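# Structural features, examined
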Amino acid sequence: MLVVMKSQATPEQIQAVCDHIELLGFRPHPLPGAQRTAIGITGNKGEVDRGNLESLPGVAEVIRVSKAYKLASRDVKAEDTVIRFAGTDAAIGGRDLAVVAGPCSIESREQAFAIAEQVAAAGAQFFRGGAYKPRTSPYAFQGLGLDALKIMAEIRDRFGLRIITEALDNETLELVAEWADVIQIGARNMQNFSLLKKAGKLRKPVLVKRGLSATLEEFLMAAEYVMSEGNYEVILCERGVRTFSDHARNTLDLSIIPALKRVSHLPVLVDPSHGTGRRDSVLPMARAAVAAGADGLLVEVHDHPEAALSDGPQSIYPEQFRSMMNEIEQIAPIVERSLPRGIHVGVAAG
Ligand code: PEP
Ligand code: MN
């Protein structure tokens with residue numbers, strides 16, 4: 001259920017409706033929009049008796065949300081969600097494209113700084129790097145853990161880049177939340193419901209990667225898990241799914257971009273690195289993702305990919321990253337977007 005407030009409803013009236021919903025034993029989720037505030041109701045097993053709610057001051061109407069995902073749905077919030085980063089001009093969602101770049105794994109301070117310097121110079125606003133790695137083999141490099149988080153925090157101080165890194169489980173979630181600006185939940189964890197719920201209790205943006213065989217609805221339900229706990233800053237990331245195709249590591253499903261945009265207000269990033277697994281496919285698919293309406297890109301960049309401890313074959317060189325930025329900057333205006341080059345720190349969020 002969804003309570004739509006009148007455009008002139010006062011904060012007190014919105015609060016009174018939330019209090020009433022709590023009194024009924026449900027959870028209110030006030031979601032302010034440009035025109036009016038909508039209040040999602042979760043926790044109800046069956047129908048909520050709308051009679052009472054409709055008569056409260058400031059309420060325009062009470063409607064049923066028929067989709068399985070509620071808070072992630074455009075029915076609840078018509079405008080696109082824009083996630084901002086305090087004290088910077090960076091944003092995910094909205095007109096400006098967000099670009100996240102960096103190595104698959106943080107391997108050393110030197111490696112991370114060398115790559116960060118180059119992606120910052122090319123105009124990225126976000127730096128990625130795995131501290132805790134979900135590896136198919138238990139014998140493969142598992143990440144530097146806390147040391148990597150500390151290196152990335154230094155990178156934020158030095159270059160201004162905001163930091164995105166993966167939380168692998170409930171223990172690492174707390175550490176990642178403490179050190180990073182965005183918490184990544186990886187493809188393999190997209191249906192780790194206890195992890196999603198725990199991330200929902202935090203007040204840090206969460207980037208959810210699409211599971212290896214997840215449908216659109218399953219993907220949005222993962223976001224819903226986070227939102228149902230009160231954390232509405234969720235970013236979706238398409239990273240390819242498993243198919244019969246054998247020319248690429250995964251099949252990057254760009255057709256999910258317009259499909260997601262149609263039904264959800266959440267920002268959608270595309271990861272052409274994991275989505276293809278091949279360095280030579282990253283740039284063409286990055287162009288296509290922007291053209292198809294993605295809100296930004298997440299790409300793996302490495303200065304010595306042949307020596308990388310993970311995902312070297314899909315990591316592009318810093319100079320290729322520069323070319324990618326130049327090309328998507330040109331594509332952006334065709335789809336009414338723009339590409340900010342570099343992050344400004346110490347400004348009021350725009
Ligand atoms: C990653 O971003 O390095 C990663 C492991 O991604 P995914 O969960 O999409 O495989
Ligand atoms: Mn990787």
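Below you will find a few notes about this structure.

Across its full length, the protein chain holds eleven helices and 14 strands. Taken over the C-alpha trace, the protein chain has a radius of gyration of 20 Å; the compact-globule value for 350 residues is 20 Å, and the two agree within 12%. With the principal axes as the frame, the protein chain shows a C-alpha extent of 65 × 40 × 40 Å. Here the contacts in the protein chain between residues at least 6 apart in sequence split such that 69% fall between residues at least 24 apart. With 39 positive and 43 negative side-chain charges, the protein chain shows a spacing of 2 Å between the two charge centroids.

What follows is about the sheet that holds strand S2 (residues 27–32). Overall, antiparallel pairing links the four strands, which are arranged S2-S3-S1-S4 in an open sheet. Two strands bound the open sheet, and with one partner strand each, they are S2 and strand S4 (59–63). Strand after strand, the sheet turns through a mean of 20° between neighbouring axes, direction not considered. Contacts between helix H1 (residues 11–23) and the sheet are confined to strand S1 (2–5), S2, strand S3 (37–42) and S4, with S3 contributing the most and set at about 5° to the helix.

Moving on: the environment of Arg156. Residue position: Arg156 is located in helix H4 (residues 146–159). Accessibility expressed as a relative area gives 16% for Arg156, which makes it buried. Distance from Arg156 to Tyr232, taken between C-alpha atoms, is 24 Å for residues 76 residues apart in sequence. Contact partners of Arg156, with chain neighbours within four places excluded, come to Leu161, Arg162, Ile163, Trp179, Ala180 and Asp181. Engagement of the side chain of Arg156 in a polar contact is seen with the backbone oxygen of Trp179, the distance being 3.0 Å.

In this section: the coordination of the manganese ion (ligand 2). Around a metal, the perfect tetrahedron of four donors has angles of 109.5 degrees, and the perfect octahedron of six donors has angles of 90 or 180 degrees. Distances from the manganese ion (ligand 2) to its protein donors, Cys104 (SG), His274 (NE2), Glu300 (OE) and Asp311 (OD), fall within 2.0 to 2.4 Å. Sequence positions of the residues that donate to the manganese ion (ligand 2) give the spacing C-x169-H-x25-E-x10-D. Separated by 196 residues along the polypeptide, Cys104 in the loop between strand S7 (98–102) and helix H3 (109–121) and Glu300 in strand S14 (residues 296–300) bring together distant segments of the chain. Cys104 sits in the buried class, given a relative accessible area of 3%.

Okay, the packing of helix H7 (residues 216–228) against helix H8 (residues 256–263) next. At their nearest, the axes of H7 and H8 sit 11 Å apart, and the two run at 55° to each other. One element, H7, and the other, H8, form an angle in the oblique class. H7 and H8 meet at a crossing whose hand is right-handed. Touching Leu216, Phe219 and Leu220 of H7 are Ile256, Ala259, Leu260 and Val263, all from H8. Here the contact of H7 with H8 is built from residues that sort into seven nonpolar, no polar and no charged.

A word on H1. Spanning 13 residues, H1 covers 18 Å between terminal C-alpha atoms, matching the ideal 18 Å at 1.5 Å per step. Those residues of H1 that fall on the buried side of the exposure criterion are Ile14, Val17, Cys18, His20 and Ile21. An end-on view of H1 places all buried positions within 160° of arc, on one side of the element. The outward face of H1, more than 90 degrees from its buried face, is lined by the exposed residues Pro11, Glu12, Glu22 and Leu23.

About the cut-offs
- Residues numbered from 1 in each chain as written.
- Chains lettered and ligands numbered in written order.
- Predicted model: local features only at pLDDT ≥ 70, side-chain atom pairs only at ≥ 80, totals over all residues.
- Heavy atoms only, no water.
- Helix = DSSP H or I, 4+ residues; strand = E, 2+ residues; numbered from the N terminus.
- Rg over C-alpha atoms; globule rule 2.2 N^0.38 Å.
- Contact = heavy atoms within 4.5 Å.
- Lys, Arg positive; Asp, Glu negative; His and termini not counted.
- Charge placed at Lys NZ, Arg CZ, Asp CG, Glu CD.
- Pairing = 2+ DSSP bridges.
- Axes fitted to C-alpha atoms, helices over the stretch in contact; angles between N-to-C directions.
- Buried < 20%, exposed > 50% of the residue type's maximum accessible area, 1.4 Å probe, protein only.
- Polar contact = N/O pair within 3.5 Å; in protein donor to acceptor, adjacent residues only side chain to side chain.
- Donors = N, O, S within 2.8 Å, 3.2 Å for Na, K, Ca; no water.
- Parallel < 35°, antiparallel > 145°, perpendicular 65-115°, else oblique.
- Left-handed = near helix turned anticlockwise from the far one by under 90°.
- Nonpolar A, V, L, I, M, F, W, Y, C, P; charged D, E, K, R; others polar.
- Expected span 1.5 Å × (residues − 1).
- Arc of directions from axis to C-beta.

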